[in-house]
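Coordinates in review
Here is what each chain is made of, one letter per residue.
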Amino acid sequence: MEHNEVVRYSDAELEEFRILIEGKLEQATAHLQELQDQILEITENTSDEHGGDWVDDSSINNDVEMLNNMAIRQRMYIQDLDNALVRIKNKTYGICSISGQLIDKRRLLAVPTTTKSLAAKVAEQVAPPPVEREKPEPKPAPEKKASTTEKSTPPKRIITTV
């Protein structure tokens, strides 16, 4: 029985993917630099004013945190693109890490960093979660019965004037 199944993409197709990924890598690196520049600008321009208005400080801290999270995601994406270039160099790009089959070319063009075929990705997401041992339910705390002789006092109000 002869097996003529393609086990990898051709060198021409790998070159096409390499060009696509290098373009995305260039864009991602430029975007990361923009994020880093924004973070630097915010931190440099606000270091003198820090401690003034707490609302402004909170807003600035939120902005820096958001930009840092975006930069972290961008670094991870850049690493994924670099890994894809290594797989192209090794001629293993486009081979599903789960099934060993070729990943559909359309999927690779849409998500060039993927390492799993669509079928493997779906199967991975549909797979039942690991079975956890049943935990005994906590015993409910005994309810306190309100005494009919006790009067409930309203909460105290504290009024301050400035």
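Each remark here, short or long, concerns the structure printed above.
Residues numbered from 1 in each chain as written. Predicted model: local features only at pLDDT ≥ 70, side-chain atom pairs only at ≥ 80, totals over all residues. Heavy atoms only, no water.

1. Let's talk about helix 1 (residues 11-46)
- Helix length check: helix 1, at 36 residues, gives a terminal C-alpha distance of 52 Å against a target of 52 Å (1.5 Å per residue), a fit within 8%.
- Every buried residue belonging to helix 1 is among Leu14, Phe17, Ile21, Leu25, Ala28, Leu32, Leu35, Ile39 and Thr46, and all of these are buried. (Helix = DSSP H or I, 4+ residues; strand = E, 2+ residues; numbered from the N terminus. Expected span 1.5 Å × (residues − 1). Buried < 20%, exposed > 50% of the residue type's maximum accessible area, 1.4 Å probe, protein only.)

2. Structural notes on a nonpolar patch on the surface
- There is a patch of nonpolar side chains on the surface, built from Leu118, Val122 and Val126 and spanning about 290 Å² of accessible area.
- Inspection of the secondary structure puts Val126 in helix 4 (residues 118-126). (Patch = residues over 30% accessible without salt bridge, like charges linked within 9 Å, V, L, I, M, F, W, Y side chains within 5 Å. Areas by Shrake-Rupley, 256 points an atom, 1.4 Å probe, with all protein chains shown as cover. Salt bridge = Lys/Arg side-chain N within 4 Å of Asp/Glu carboxyl O.)

3. A few points about the packing of aromatic side chains
- Taken as a whole and assessed by the stated rule, the structure comprises 2 aromatic pairs.
- Summarising the aromatic geometry, the rings of Tyr9 and Phe17 are spaced 5.4 Å apart at their centres and angled 70 degrees between planes, so their arrangement reads as edge-to-face.
- For the pair Phe17 and Tyr93, a centre-to-centre distance of 5.0 Å together with 55 degrees between the ring planes defines the contact as tilted. Of this pair, Phe17 sits in helix 1 while Tyr93 is found in the loop between helix 2 (54-89) and helix 3 (105-110), placing the two residues 76 residues apart along the sequence. (Phe/Tyr/Trp six-rings, centres within 6.5 Å; stacked < 30°, edge-to-face > 60°.)

4. Details of the environment of Ile21
- Within the secondary structure, Ile21 sits in helix 1.
- When its relative accessible area of 0% is taken as the criterion, Ile21 is described as buried.
- Ile21 sits 90 residues away from Val111 along the chain, and the two C-alpha atoms are 9.9 Å apart.
- In contact with Ile21, other than residues within four places in its own chain, are Leu81, Ala84, Leu85, Ile88, Tyr93 and Pro112. (Contact = heavy atoms within 4.5 Å.)

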